[in-house]
Amino acid sequence: MSVYNEVLTTVISMIQQIEPSQQLLIGSLPVDDSLSIAYASGIHETTFLNKNTITNMTMVLNGKNRDQKRISDILGNIHRQITKLKQYPQEKLWQITNIESSNLPCYLDRESNGQWLYGSGLTVTIYIRGD
């Protein structure tokens, strides 16, 4: 598995610890009454002589629910908790060093079936070892 997919899977696990009752799928658009996450872009912010890098991965985190307040609260809670962590997971080849809100949860659309669609973004900073 690629480093980027490993990091995505790890962030999913972190979110599921914060909101264990929410269904969380990989993709940009959630199904009804669920959340979705996907990495959207990334950039190597710094490359060292040994080819280790500091990389920023942007992830979209979206949600749908019949209850507008509920989906707004769920996404807001995830952003609040995940960005306040002081310790992050690491593996042999990579380490998450920070997670920030790149886009706070916001209204995107209300579908004809009454589902409210909210969107948000996370920037996950990772240190990737070049070994």
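Everything that follows concerns the structure shown earlier in this document.
Residues numbered from 1 in each chain as written. Predicted model: local features only at pLDDT ≥ 70, side-chain atom pairs only at ≥ 80, totals over all residues. Heavy atoms only, no water.

## Details of the pattern of salt bridges
Overall, the coordinates contain four salt bridges when judged by the stated rule. For Asp 33, the salt bridge identified is with Arg 66, shortest N-O distance 2.3 Å. Taken together, the residues span a long stretch of sequence, with Asp 33 in the loop between strand 1 (24–26) and strand 2 (34–47) and Arg 66 in the loop between strand 3 (53–65) and helix 2 (68–82) at a distance of 33 residues. Two residues, Glu 111 and Lys 64, come together in a salt bridge whose shortest N-O distance is 3.0 Å. Here Glu 111 is found in the loop between strand 4 (94–110) and strand 5 (116–128), whereas its partner Lys 64 is found in strand 3, with 47 residues between them in sequence. Given the relative accessible area of 24%, Glu 111 is considered partly exposed. For Lys 64, a relative accessible area of 9% translates into the label buried. One network of salt bridges, with partners in common, ties together Asp 32, Lys 64 and Glu 111. (Salt bridge = Lys/Arg side-chain N within 4 Å of Asp/Glu carboxyl O. Helix = DSSP H or I, 4+ residues; strand = E, 2+ residues; numbered from the N terminus. Buried < 20%, exposed > 50% of the residue type's maximum accessible area, 1.4 Å probe, protein only.)

## Some words on the packing of aromatic side chains
What the rule picks out here adds up to four aromatic pairs. Relative to Tyr 127, the ring of Phe 48 lies with its centre 6.4 Å away and its plane at 55 degrees, an arrangement referred to as tilted. Placement of the pair is Phe 48 in the loop between strand 2 and strand 3 and Tyr 127 in strand 5, with a sequence separation of 79 residues. Looking at Phe 48, the relative accessible area reads 34%, which means it is partly exposed. Look at Tyr 127 and you get partly exposed, because its relative accessible area is 24%. Between Tyr 107 and Tyr 118 the ring centres are 6.2 Å apart and the planes differ by 75 degrees, which places this aromatic pair in the edge-to-face class. Here Tyr 107, found in strand 4, pairs with Tyr 118, found in strand 5; they are 11 residues apart in sequence, far enough to count as distant. (Phe/Tyr/Trp six-rings, centres within 6.5 Å; stacked < 30°, edge-to-face > 60°.)

## Concerning helix 2
Its 15 residues give helix 2 an end-to-end C-alpha distance of 21 Å, which sits within 8% of 21 Å, the value for a rise of 1.5 Å per residue. At its buried positions, helix 2 is contacted by helix 1 (3–18), strand 2, strand 3, strand 4 and strand 5. Between the side-chain oxygen at the start of helix 2 and the backbone nitrogen of Lys 69 there is a gap of 3.1 Å, and the oxygen is on Asp 67. (Expected span 1.5 Å × (residues − 1). Contact = heavy atoms within 4.5 Å. Polar contact = N/O pair within 3.5 Å; in protein donor to acceptor, adjacent residues only side chain to side chain.)

## A few points about the nonpolar core
Counting 29 residues, the largest nonpolar core has Val 7, Val 11, Ile 37 and Ile 96 as its most contacted members. Where this core is concerned, the elements lending two or more residues are helix 1, strand 2, strand 3, helix 2, strand 4 and strand 5. With eight residues, helix 1 is the largest single contributor of residues to this core. Once residues lying within four places of it in the same chain are set aside, the contact partners of Val 7 are Met 57, Met 59, Trp 94, Ile 96, Val 124 and Ile 126. (Core = buried A, V, L, I, M, F, W, Y, C linked by side-chain atoms within 4.5 Å.)

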